[in-house]
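# Overview (structure and organization)
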Amino acid sequence: MKLKTALMGTVLGTVAALSMAPAAFAERGADGHVNIIYYQAPSTMNPYLSGGTKELESASLVLEPLARYDETGAMVPFLAESVPTVENGGVSEDLMTITWKLKDGLMWSDGTPFTSEDVKFTWEYCTSEGGGCSQSEKYNDVVSVETPDDLTVIVTFGVPKPFPYGPFVGAQAPIVQKAQFADCTGEAMASCTDQNFAPIGTGPFVVDEFKTNDVVSLSANTNYRDPMKPAFATATLKGGGDAQSAARAVLETGEFDYAWNTQVAPDLLEAMLAKGQGQLVNSFGTLVERIMVNLTDPDPALGDERATAAHPHPFLSDIAVRKALSMAIDRALLTEIGYGDAGRPTCNVLPAPEIYKSTANDACLTQDIEGAKAVLEEAGWVDSDGDGIREKDGVKLSLLFQSSTNAIRQDFQAIIKQWWEEIGVETELRNIDASVFFGGDAGSPDTFQKFYADVEMYANNFDGTDPEAYMANWECKQAPRPETQWQGNNMPRFCSEEYDALVAEMAKTGDINERAEMAKAMNDMLMQEYVIIPLVDRGRLSAHANSLGGVILNTWDSELWNAADWYRIKE
Amino acid sequence: MLHFTIRRLVLAVPTLLFISLVIFLLLDLAPGDPMASIPLTVPPEVKEKMREALGLGEPVHIRFLNWLYQFFVVEPQVAFDHIFGTDFAEGKQRIISFQSRSPVMSVVAERMPQTLWVVGLSYIFATLIAVPIGIISAYRQYSWFDQLGTFVSMVGFSIPTFFSGVLLIVIFSVTLGWFPSIYDTTHEITDWPSFWFQVRQMAMPVFVLTLYNAAQVSRFMRASMLDNLNQDYVRTARAKGLSERVVVLMHVLRNSMIPVVTVIALGVPNIFGGAIITEQVFQVNGLGQMLITAIYASDAPMVQTLTFIFAVLIVLFNLIADIIYGMLDPRIRYD
């Protein structure tokens, strides 16, 4: 009986393996070469020196964290044995420590063993003084990293961390090799060009040659933990050009196998797809194109107190006006024009993951021009002098709408202006070069933080799946103002005790369902106050050749997160 | 002539120093932040630390002097070390790019080959084609050849490279599949097939640039030849009984070359500037693409260094053009 069960088990296991992974039978390197194109070329392979997506994603072929997020946003262990939680005892009851167990027998690509010392070093490396590590926020509140043995890492925080997965998790915080980077801490971080261009990793590929802002040549890591993977012996990650030429190279000429972020006009993509060489994949994350409403008065006459809480906005402080602005917008049309398959209309500033998604505000999905007019009438905003612009007590509804320079944003501005003028709100448009708008220079009057305008449009999201830090963006103290050198993320200068209390409570709560309730409540508060007008939930749209198998587009981590599983589909 | 050359070279030093100062100040005063392209998810405190690590905390004059020292002392030392295996530059700070944190000069060296291959070659082709076309067009003015030449050069002149480039890609890459649409900068020529691949991948960008450059030069050549063909000395030469060949190629051509040489010589620095648009269209990723990405990323050290190198080349080729005048026309003497 025992033998029979054992035999059956083996047979079933084999059958499962057969049907599961067609690539698993191919040997490592059996599928030749894979060509990847990123129209923005990576400038370095060290994600700690650049916060840019292009660098994070290209580095993810080589460097790996302890755990990544999968396409659903769930955490999957990579270098760790399992993901520690309070339930499995990996996270302490007081939420102050997290204990990671590493997989046994892991090797760096140079053949040396991967140990807990490397993990500890990664923390020291990123937090070293004077280095300017771009991901140091991931290591916030870490007071110590202990390594009782080669396979155990204990991270201790200075405060309770309900979501202790900042350090060493996700594409932003991978592990670097201590032996390679030991002399590259602090101010030496930048000068270690050889190390930064060709870091030694544990991932499926090894850097053979790196040409900055141009191309990365890689080959399979002979010490990769799965002896069958990766299926490709070599890989090229080419950069440059634009989204359209990248899409063309995959969908029309077939020169490349995978193109990142093929954000091209929907009708052009349609024509390219007709060639039958490849297909598009899309997936949605947390990136929301939104309009921020300024609750403070940006009048230049106010001098130093311009756009600060000292002077409420003459008309946007009236919720009726904010509500009418939101109601007048046709989000479905904007999405169709600007993003096609890569977008969907949204009424939430926190659109995902699923458990955080509120359904309380979905009424905004239908445009209601008449309703918007009625709301304004009711609040006393009427056009008494017949110039098409509503006014009340001598204040005209005339606003300045700013955004960064970008073809889609300017289209959006023009269309929204039309709708707003229809409901009697005069709109002046302005666009500012992205490097200035997002530059955060306290001396410039044109940054999105200074917000010397009435409304402004841009997109933002958060790393990973936990919205705690993101929702804390709209605390009172986050308002950009002279005292903070105009830094902070609370562009509307929204301030509510109730909201701040929810932020504080969320920081103490560990239970995922309670956290979700709080995050939803905060989202609803912002939406129902109409201080943020969400427009489009922007997804990722990438293209891959029909012959490339195993692609699973992931917006929660690097798009190339599972490149080890990619394979060539044989005819 | 030697005196003249030395005097001009000495005079170039203050000019170049002044140019470098102007470039530096312009870049410094220009709005833009190297941290602007970093996602909003990175908090401002972290961005501030990153800015400090780039050395942006220092006052302007210190940064300028640092750059001068690095450009004129450290980088030549590095080059010297590289050639002779010495170690003068050991431990000295080189000019570092904000984007990649790697030395700017090594990126320039990395980018030089594809730019010289593609842009340089197209310039040579353009000159070789344009000069004969200009001569024949002028000598047989209003013939069918002249009309055709005028038409082609108008087309080359007026169609922007971002249009002709994409058109070629659609015809030859997408429809016919003859040439790759994306340039492979890692390709090495080791044998005949790999040489043939290099020819194929260079064909389209070189053609686009050749058409553009040839259009310009051939018009200049034609106009200059026409000016000279009606001169008295040409009639004299013919009256002496010289053959048409000698009249046109020895007398007229030599005189006509003077303005054309200026155009050709001053176009040479542009080769090193790369071809921003064409490089972008075909993803050649040479110096032009590097300059434009650096500008977008507010990578001041890289933009500064590149523009300054162009300034040096322009000053140098101006001088070379002046010297060639003296050779072409013995009446021009500078001493």
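What counts, and where the lines are drawn
- Residues numbered from 1 in each chain as written.
- Chains lettered and ligands numbered in written order.
- Predicted model: local features only at pLDDT ≥ 70, side-chain atom pairs only at ≥ 80, totals over all residues.
- Helix = DSSP H or I, 4+ residues; strand = E, 2+ residues; numbered from the N terminus.
- Rg over C-alpha atoms; globule rule 2.2 N^0.38 Å.
- Contact = placed C-beta atoms within 7 Å.
- pLDDT = per-residue confidence, 0-100.
- Expected span 1.5 Å × (residues − 1).
- Buried ≥ 20, exposed ≤ 12 C-beta atoms within 10 Å, placed from the backbone.
- Pairing = 2+ DSSP bridges.
- Axes fitted to C-alpha atoms, helices over the stretch in contact; angles between N-to-C directions.
- Nonpolar A, V, L, I, M, F, W, Y, C, P; charged D, E, K, R; others polar.

It is worth spelling out the overall build of chain A at this point. For chain A, the count of helices and strands is 15 helices and 20 strands. The C-alpha radius of gyration of chain A comes to 26 Å, within 12% of the 25 Å expected for a compact globule of 571 residues. Structurally, chain A occupies a C-alpha span of about 90 × 60 × 55 Å along its principal axes. By sequence separation, contacts in chain A at least 24 residues apart represent 67% of the contacts at least 6 residues apart.

When pLDDT is averaged along chain A, the result is 89; 95% of the residues meet or exceed 70. Confidence drops under pLDDT 50 across residues 1–24 of chain A; counting only partners more than four residues distant or on other chains, this segment forms 7 contacts.

All right, on to helix 12 (residues 300–328) of chain B then. Residue and element names in this part refer to chain B. Spanning 29 residues, helix 12 covers 42 Å between terminal C-alpha atoms, matching the ideal 42 Å at 1.5 Å per step. Looking only at helix 12, the buried set comprises Ala300, Pro301, Met302, Val303, Gln304, Thr305, Leu306 and Thr307. Its buried side turned inward, helix 12 meets helix 1 (2–29), helix 3 (60–84), helix 4 (104–139) and helix 11 (287–296).

Turning our eyes to something else, we now look at the sheet that holds strand 5 (residues 142–146) of chain A. All names here are of chain A. Sheet architecture is open: 3 strands sit in the order 4-6-5, paired in antiparallel fashion. Each having just a single partner strand, strand 4 (97–101) and strand 5 make up the two edges of the open sheet. Each strand of the sheet is rotated relative to its neighbour by a mean of 15 degrees, with strand direction disregarded. In the sheet, strand 4 pairs with strand 6 (residues 152–157) via 5 bridges, with the strands oriented antiparallel.

Attention shifts here to the interface of chain A and chain B. As a measure of interface size, the accessible area lost when the parts come together is often cited. The interface is formed by 45 residues belonging to chain A together with 41 residues belonging to chain B. Within the residue set of the side of chain A that touches chain B, elements represented by two or more residues are helix 5 (193–197), strand 7 (205–211), strand 8 (215–220), helix 6 (243–251) and helix 12 (434–437) of chain A. Its residues assigned to classes, the side of chain A that touches chain B shows 9 nonpolar, 26 polar and 10 charged.

So, about the environment of Glu498 of chain A. The topology assignment puts Glu498 of chain A in helix 14 (residues 497–506). Separated by 145 residues in sequence, Glu498 of chain A and Pro353 of chain A place their C-alpha atoms 24 Å apart.

Okay, the environment of Val155 of chain A next. For Val155 of chain A, the location among the structural elements is in strand 6. In contact with Val155 of chain A, not counting residues within four places along its chain, are Thr97, Ile98, Val142, Val145 and Pro167 of chain A.

All names here are of chain A. Following the sequence through the fold, Tyr470 ends up in helix 13 (residues 468–471). A count of 21 C-beta atoms within 10 Å places Tyr470 in the buried class. The sequence separation of Tyr470 and Leu350 amounts to 120 residues, and the corresponding C-alpha distance is 8.8 Å.

Okay, the confidence of the model for chain B next. Residues and elements named next belong to chain B. When pLDDT is averaged across chain B, the result is 87; 99% of the residues are at 70 or more. Here helix 2 (residues 44–53) stands out as the least confident element of chain B, with mean pLDDT 80; helix 7 (residues 192–229) is the most confident, with 91. Across the interfaces of the predicted complex, the ipTM metric reaches 0.82, alongside a pTM of 0.84.

Okay, the pairing of strand 6 of chain A next. Residues and elements named next belong to chain A. Side chains Val153, Val155 and Phe157 project from strand 6 onto a buried face, and the interleaved Thr152, Ile154 and Thr156 project onto a face without burial. Sheet topology places strand 5 next to strand 6; 4 bridges connect them, and they run antiparallel. The residue of strand 6 that forms the bridge with Glu146 is Ile154. Hairpin connection between strand 5 and strand 6: a loop of 5 residues separates the two successive antiparallel strands.

This brings us to unusual backbone geometry. Residue and element names in this part refer to chain A. Along the chain, Lys229 connects to Pro230 via a cis peptide bond; the corresponding omega equals -5 degrees. Following the sequence through the fold, Pro230 ends up in the loop between strand 8 and strand 9 (234–239). In this structure, the amide linkage connecting Ala352 to the following residue, Pro353, adopts the cis form with an omega of -10 degrees. Assignment of secondary structure puts Pro353 in the loop between strand 12 (343–345) and helix 10 (369–378). Phi angles above zero are rare outside glycine, and Trp486 is one such case at about 60 degrees. Its location among the elements puts Trp486 in the loop between helix 13 and helix 14.

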